[in-house]
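What follows is each chain in one-letter form.
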Amino acid sequence: MQHHSLSEADPELYKILKKEASRQENEGLEMIASENFVPLQILQAQGSVMTNKYAEGYPGKRYYAGCEHHDSAEDLARERACELFNAEHANVQPHSGTTANFAAYFAVLEAGDKILGPVLSHGGHLSHGHHVNFSGDLFDFETYAINKETERFEYNDVLKAAKKHDPDLIVCGYSAYPREVDFEMFREAADEVDAILMADIAHISGLVATGAHENPFPECDIVTTTTHKSIRGPRGGMILCKDEYSKSVDKAVFPYSQGGPLMHQVAAKAVCFNEASKPEFKDYTSQIIKNTGALADSLQENSLKLVSNGTDNHLVLIDLREEDITGKLAESALEDANIIVNKNMVPYDPESPMTTSGIRIGTPALTTRGMKAKEMREIGKMIADIIKNPEKDVIQDAKKRVEILMDEFPLYEGSEVEY
Ligand SMILES: *Cc1c(COP(=O)(O)O)cnc(C)c1O
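Attention shifts here to the site of the ligand. If you check the shell around the ligand, you find 14 residues, and the closest are Gly97, Thr98, Ser175, Asp200 and Lys229. Here an oxygen atom of the ligand and a backbone polar atom of Gly97 are 2.9 Å apart. Lys229 is positioned such that a nitrogen or oxygen atom in its side chain is 2.9 Å from an oxygen atom of the ligand. Among the elements that take part in the shell around the ligand, helix α5 (residues 97-108) stands out by supplying three residues, more than any other.

Below, the structure written as structure tokens:
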């Protein structure tokens, strides 16, 4: 076999990678709430020889020979995950957050069973019952709504929906909810109707890992997450659960819904959980909370309305219903200034999902770059200026300032990233 560096072997693809690295480094403020930048040690594990092996099964019970070191890596990932999240069992093989949810549902339910999840435009994910997704197709999904006055999920609303629909399982955990999830409240509602309680902490798992957000255990029975959002690891998923569900969760991942695990990703998940247990990561997540608070203050001081009037976590949701601009146009005006956010439905949104009356903004990625409250306040002002007055000169001024910020807070530059 001939070995070549990627730049020699495939200059065409290499050039694309260089361009993407430069885009991440220089071409915009990454404020999509689900994105982050991983450290080099994660990239290294992902680019390792662990990709070469079939390791179907679980440590000690594989279907192929030669899995000794894969067993060690997966055990390390599982042990670190349990320790970090105070969980009794971890399955680190799901390829993504969506496949983790698929396996978690089928671990304890059968097709056609009833699940109670959030109204999708109130912060849920496609895999929480959308009709274009397997979840809406294979399960009988009913919903609970955000409270119109408080713009938070409230016990009485959840309980009322639970009593009305008598679900087998309740899902809590969201993609666009700026407030702390009250797992105790959901446990009480689940107990009233004898339902299994599942938390999907895909967005907040980094915060949960350090205590910057309440832990879903012991209230929840099953917890799913991605490993690439606030926890800043490789792209992938994970299921955590109480012991009584461990066998059915493992079976639902393999062989029910997946074949061989992506062991290079599993190795990188082990690295991620080690990083997340360090004091530096705790500092990182408390900085995320401070940064989001500063961003929220700045947006509000500049007369923008936020869903629920603020934030407890890593994101804010701007409510544009009283502004002269839609989510779609605001997203595009901000992109022109190299501020990258996404349009998002607000609760009870009169606009369609393609247009929306909201903008979702997250701080994990910029906090990874080293930005602090001062920069967040300044960025909040720029965002408000553009939303209130999306004209060429306002956008150009912001864009110039964004360029300077990119330079001041380098990402991988100078650290010899291998492509
Ligand atoms: C991102 C997300 C997922 C899905 O993750 P993928 O890895 O993109 O499949 C699931 N649930 C929630 C709440 C999410 O925010």
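Okay, back to it.
Here we come to helix α16 (residues 392-408). Here α16 is 17 residues long and its end C-alpha atoms lie 25 Å apart, about the 24 Å a rise of 1.5 Å per residue gives. Every buried residue belonging to α16 is among Val394, Ile395, Ala398, Val402, Leu405 and Met406, and all of these are buried. Angularly, the buried residues of α16 cover 105 degrees about the axis, an arc narrow enough to put them on a single face. Looking at α16, the residues exposed on the side facing more than 90 degrees away from the buried face are Lys392, Asp393, Asp397, Lys400 and Asp407. Buried residues along α16 sit in contact with α2 (11-26), β1 (29-30), α13 (327-336), β13 (339-340) and α15 (373-388).

With domains assigned, the protein is organised as domain 1 (44-276) and domain 2 (279-408). Taking only C-alpha atoms, the centre of domain 1 and the centre of domain 2 are 28 Å apart. Interface of domain 1 and domain 2: buried area, both sides summed, is about 2,300 Å²; carbon and sulfur atoms make up 57% of it. Our enumeration of links across domain 1 and domain 2 arrives at three salt bridges. For Glu151, the salt bridge is made with Arg321, and the minimal N-O distance between the two is 3.6 Å.

Thresholds, definitions, all that
Note that residues are indexed from 1 along each chain, following the sequence as it is written. Local features in a predicted model are, by the rule used here, given only for residues with pLDDT of at least 70; side-chain atom pairs are given and counted only at 80 or more, and totals for whole chains, interfaces and linings are based on all residues. Values reported for side chains reflect all heavy atoms of the structure, with hydrogen atoms and water molecules removed beforehand. Nearness is judged by heavy atoms alone; a residue qualifies as near a molecule or strand once a single heavy atom is within 4 Å of it. Polar contacts, as used here, are pairs of N or O atoms within 3.5 Å; protein pairs need one atom able to donate a hydrogen and one able to accept it. Residues neighboring in sequence count only if both atoms are side-chain atoms. By the criteria applied, helices consist of DSSP H or I runs no shorter than four residues and strands consist of E runs no shorter than two, each listed in order from the N terminus. Expected helix span is computed as 1.5 Å times (number of residues minus one). Three exposure classes are used, based on accessible area relative to the maximum for each residue type with a 1.4 Å probe and protein chains only: buried under 20%, partly exposed in between, and exposed over 50%. Note that the arc is defined by the directions from the helix axis to the C-beta atoms. Here, two residues are considered to be in contact whenever any of their heavy atoms come within 4.5 Å of each other. Where a domain begins and ends is set by an automatic assignment or by a domain database. As used here, buried area is the combined drop in accessible area, with a 1.4 Å probe, of two parts when they are placed together. Salt bridges, as used here, are contacts in which a Lys or Arg side-chain nitrogen is within 4 Å of a carboxyl oxygen on Asp or Glu.

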